[in-house]
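Here are the chains, one letter per residue:
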Amino acid sequence: MRTVYAWVTGELFALMNAAGSGFESLKIRPQALADLLKMIADGQINPNTGKSVLAEMFASGSPAAEIVTAKGLAQVSDTGFIAQIVSQALAENAGEVASYRAGKTSVANFLFGQVMRKAGGKANPQVIRSELEKQLK
């Protein structure tokens, strides 16, 4: 319930204020917002992608699933694919990997960013973190 409140009073109100519109002209029905929030909760998209999908829903009235599919925004959680790109990123950044293993653990954030860049920002962050920890040991 807190999540719904935050999205309505934060993201949705911001869009309405920017457009100078009120609830009466809102193209997003309650069920459509619920569907978007379920996609985020289920890990199909991340919250940042959810914000851009909400903006598109606000402008067009299209359902979240249709926007995600049309724009290829679905989050990737395939562990095999993520393991492969983590491996590639570590191979391409051998110096940073050596620094990490020498005790400079803050390098993990840099490596995380490199993996996310390789995945086009679509990889599930939790799966990346887990795989990074696994491969860095």
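Below is a short write-up of the structure. (Residues numbered from 1 in each chain as written. Predicted model: local features only at pLDDT ≥ 70, side-chain atom pairs only at ≥ 80, totals over all residues. Heavy atoms only, no water.)

Throughout the structure, instances matching the rule amount to 1 aromatic pair. Geometrically, the ring pair formed by phenylalanine 13 and phenylalanine 23 is edge-to-face, given 5.7 Å between the ring centres and 70° between the ring planes. In this pair, phenylalanine 13 sits in helix H1 (residues 2-19) while phenylalanine 23 sits in the loop between H1 and helix H2 (30-41), placing the two residues 10 residues apart along the sequence. The exposure class assigned to phenylalanine 13 is partly exposed, which follows from its relative accessible area of 31%. (Phe/Tyr/Trp six-rings, centres within 6.5 Å; stacked < 30°, edge-to-face > 60°. Helix = DSSP H or I, 4+ residues; strand = E, 2+ residues; numbered from the N terminus. Buried < 20%, exposed > 50% of the residue type's maximum accessible area, 1.4 Å probe, protein only.)

Core analysis: the largest hydrophobic core is formed by 19 residues, its most contacted members being Ile28, Leu36 and Val53. Mapped by element, the contributors of at least two residues to this core are H1, H2, helix H3 (47-60) and helix H4 (64-71). In this view, leucine 36 contacts Trp7, Ile45, Gly50, Val53, Leu54, Met57 and Ala64; residues no more than four positions away in its chain are not counted. Core analysis: the next-biggest nonpolar cluster, separate from the first, contains 17 residues, Val86, Ala89, Ile128 and Leu132 among them. (Core = buried A, V, L, I, M, F, W, Y, C linked by side-chain atoms within 4.5 Å. Contact = heavy atoms within 4.5 Å.)

This next bit is on the pattern of salt bridges. Enumeration over the complete set of coordinates arrives at 5 salt bridges. The closest approach of N and O atoms between lysine 51 and glutamate 11, which form a salt bridge, is 3.8 Å. A residue pair is termed long-range when its members are at least 10 positions apart, and lysine 51 in helix H3 and glutamate 11 in helix H1 qualify at 40 residues. On the basis of relative accessibility, which here comes to 37%, the residue lysine 51 falls in the partly exposed class. Under the relative-accessibility criterion, glutamate 11 is labelled partly exposed at 27%. (Salt bridge = Lys/Arg side-chain N within 4 Å of Asp/Glu carboxyl O.)

What follows deals with the side chain of asparagine 46. On the secondary structure map, asparagine 46 appears in the loop between H2 and H3. Assessed through its relative accessible area of 15%, asparagine 46 is described here as buried. A distance of 2.7 Å separates a polar atom in the side chain of asparagine 46 from the backbone nitrogen of threonine 49. Look past the residues within four positions of asparagine 46 in its chain and what remains in contact with it is Ile40, Gln75 and Gly121. (Polar contact = N/O pair within 3.5 Å; in protein donor to acceptor, adjacent residues only side chain to side chain.)

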